[in-house]
Amino acid sequence: MMSLLHLRRAVQRLFITNKYRYSTEAGKKEKAPEEDVTAEKSLTHVTFESVEEKNRQTYLQLIQAFHTQSRYRKNYVEFITAALKNMKHYGVHQDLQVYKALSDVMPKGKFIPQNLIQSEFMHYPKQQQVQIDLLEQMEDNGVMPDVEMEAILVNTFGKRGHPVRKLRRMLYWMPKFKNLSPWPLPKPMPNDDLEIAKLAVQRIMTVDLQATVEVFETKDVENVLDETWIVSGQTPTQKELIKHYRNAKAIYIEGPFYIWLRNKCVSYFILRGDALPIPPQDTSNPDDVETLEVPPAIASSMGIGVSRRKNDVGRVRSVHEQNDGTILAVCVTGTCSKDSLLSWIRILQNEGYDDLANIPILFKFQPTKRELVAQTSP
């Protein structure tokens, strides 16, 4: 009996010893990925902000480094989130190839739903949501996905994944709205403020086909303090409208107002006069039999004078005459200063606005924090 008891205790001690050894080795193996995750966190959170030379090549190198240095391909959701936040700093927020490289970070086949319930209840929601955020950032920046990116998402989340549904909606709607605007703009937008100002004034003056856009230099004006450029837009109709303000108390220079050309904001000013009186309208009822008019042919044969309706020939309001005032000219200056606007008025006097010399002109500035003509949106 004693021998059997000793044998049983020996077996128990051997089992406990082996169990402890196996659990210790397993613990060591489980700790290794945690160290890698820590290393990956330091890689994702430090590299994007610490790199001094921020450009497209460096950005792609960081993505490639994440592929090669991450042993177990963990922490890719945080990596993509950090990469999306730093895209504008690297100037790649409108680059389709960079978006495709960033989408290809996630492993393939792991997040594909196996049944209808998983697909409808957003299988792996954190991973799918970060990919949807990437597609929304593409949509906000006007980047249209292609078939290659669709293949990347299908291999990652399957055909029924929510990112794939989002991408297919983008492929349907974005081509429809791409060329829908009647004011097409160059892509990419020019960086020169003068060229952007020309595009802005041309868009504003499309209300009249006879409008002309001219560029002036303030250095041509005598006793000028602010030397800059002026982009002015006016029409022959506006020159004729100034004649109605010869006896006016004053006309006004108002602004700055703002117009957006993609991600560029342009400040412009208008020369405005008070609203002109509306021409009287004929209020008679043409269907009233008591006020029937005799046709001219019958009236001449009967020797009766031809009667005309009131205001048969009258002045028709132009598109520049609004209920709150009449717009006489539009301009964009390089500095948006009062001296540059005063130079604009002097230039208009030399260009045919002779009546401006006898009309008081008042400045009505709106409070603003923008001092540049064209600036990038935040």
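The rules behind each value
Along each chain, residues carry numbers from 1 onward, in the same order as the chain's sequence is written. Only residues with pLDDT of at least 70 are given local features in this predicted model, and only at 80 or more are side-chain atom pairs given and counted; all residues enter the totals for whole chains, interfaces and linings. Note: side-chain values were computed over all heavy atoms of the structure, leaving out hydrogens and water. The helix count covers DSSP runs of H or I at least four residues long, the strand count covers runs of E at least two residues long, and both are numbered beginning at the N terminus. Classification of residues uses two cut-offs on accessible area relative to the type maximum, computed with a 1.4 Å probe and protein chains only: under 20% is buried, over 50% is exposed, and between them is partly exposed. Contacts are residue-level and defined by heavy atoms, with any inter-residue pair within 4.5 Å sufficient. To measure how exposed things are, a 1.4 Å probe is used in the Shrake-Rupley method; for residues, cover is taken only from the protein chains shown. Whenever a carboxyl oxygen of Asp or Glu lies within 4 Å of a side-chain nitrogen of Lys or Arg, that contact is scored as a salt bridge. For patches, a residue must show more than 30% relative accessible area and have no salt bridge; joins then use 9 Å for like charges and 5 Å for nonpolar side chains, namely Val, Leu, Ile, Met, Phe, Trp and Tyr. Contacts described as polar in this section are N or O atom pairs within 3.5 Å, which, within protein, must combine one atom able to donate a hydrogen with one able to accept it, while residues neighboring in sequence count only if both atoms come from side chains. Helix axes are fitted only over the stretch in contact, all axes being lines through C-alpha atoms; the angle between N-to-C directions runs from 0 to 180 degrees. In what follows, roughly perpendicular refers to angles from 65 to 115 degrees, roughly parallel to angles under 35, roughly antiparallel to angles over 145, and oblique to any angle outside these ranges. Here a crossing is taken to be left-handed if its near helix is turned anticlockwise relative to the far helix by less than a right angle, and right-handed if that turn runs clockwise. Polar here means any residue outside two lists: the nonpolar Ala, Val, Leu, Ile, Met, Phe, Trp, Tyr, Cys and Pro, and the charged Asp, Glu, Lys and Arg; Gly therefore counts as polar.

Draft legend 1. Local environment of the overall build of the protein. Helices and strands together make up the secondary structure of the protein, namely 13 helices and 8 strands. Here the protein holds 378 residues, and 37% of them are scored as buried. By sequence separation, contacts in the protein at least 24 residues apart represent 72% of the contacts at least 6 residues apart. Here the protein displays about 23,700 Å² of accessible surface, and carbon together with sulfur accounts for 53% of that area.

Draft legend 2. The arrangement of the pattern of salt bridges in detail. Applying the stated criterion across every chain, the model contains 12 salt bridges. Between Lys126 and Glu78 there is a salt bridge, with its nearest N and O atoms 3.2 Å apart. Here Lys126 is found in helix 7 (residues 125-140), whereas its partner Glu78 is found in helix 3 (residues 76-85), with 48 residues between them in sequence. In this structure Lys126 comes out as partly exposed when scored by relative accessible area, which is 47%. Salt-bridge contacts for Lys108 lead to Asp104; the nearest nitrogen and oxygen are separated by 2.6 Å. Among the charged side chains, a network of salt bridges with common partners joins Lys100, Asp146 and Glu148.

Draft legend 3. Layout of a nonpolar patch on the surface. A cluster of nonpolar side chains, contributed by Tyr172, Trp173, Phe177 and Leu180, occupies part of the molecular surface with about 490 Å² of accessible area. Considering the arrangement of structural elements, one finds Trp173 in helix 9 (residues 162-178). On the basis of relative accessible area, Trp173 is assigned to the partly exposed category, the value being 45%.

Draft legend 4. Spatial organisation of helix 5 (residues 96-103). Summarising burial for helix 5: 6 of the 8 residues are buried, a large majority. Residues of helix 5 that are buried include every one of Leu96, Val98, Tyr99, Lys100, Leu102 and Ser103, and no others. A distance of 3.1 Å separates the backbone nitrogen of Gln97 from a side-chain oxygen at the start of helix 5, and that oxygen is part of Asp95.

Draft legend 5. Main features of unusual backbone geometry. A cis amide bond links Lys187 to the next residue, Pro188, at an omega of 5°. When you line up the elements, Pro188 lands in the loop between helix 9 and helix 10 (193-204). Put simply, Gly255 and Pro256 share a cis peptide bond, and its omega is 0°. A positive phi is found at Met122, a non-glycine position, where the angle reads about 55°. By secondary structure assignment, the location of Met122 is in the loop between helix 6 (116-120) and helix 7. Even without a glycine there, the phi angle at Asn223 is positive, about 55°. Counting through the fold element by element, Asn223 comes out in the loop between strand 1 (212-217) and strand 2 (229-234). For Asn223, a relative accessible area of 71% gives the class exposed.

Draft legend 6. Structural context of helix 3. The element helix 3 is largely enclosed, with a buried count of 7 among its 10 residues. Those residues of helix 3 not exposed but buried are Tyr76, Val77, Phe79, Ile80, Ala82, Ala83 and Leu84.

Draft legend 7. Quick look at the packing of helix 7 against helix 8 (residues 147-157). At a closest axis distance of 12 Å, the pairing of helix 7 and helix 8 adopts a crossing angle of 165°. With respect to helix 8, the element helix 7 is oriented roughly antiparallel. As for the relative orientation of helix 7 and helix 8, their crossing is left-handed in sense. Listed contacts from helix 8 to Gln127, Gln128, Gln131, Leu134, Leu135 and Met138 of helix 7 are Met149, Leu153 and Phe157. A breakdown of the residues in the contact of helix 7 with helix 8 according to their chemical character gives 6 nonpolar, 3 polar and no charged.

Take it as geometry only, folks, not as evidence of what the structure does.
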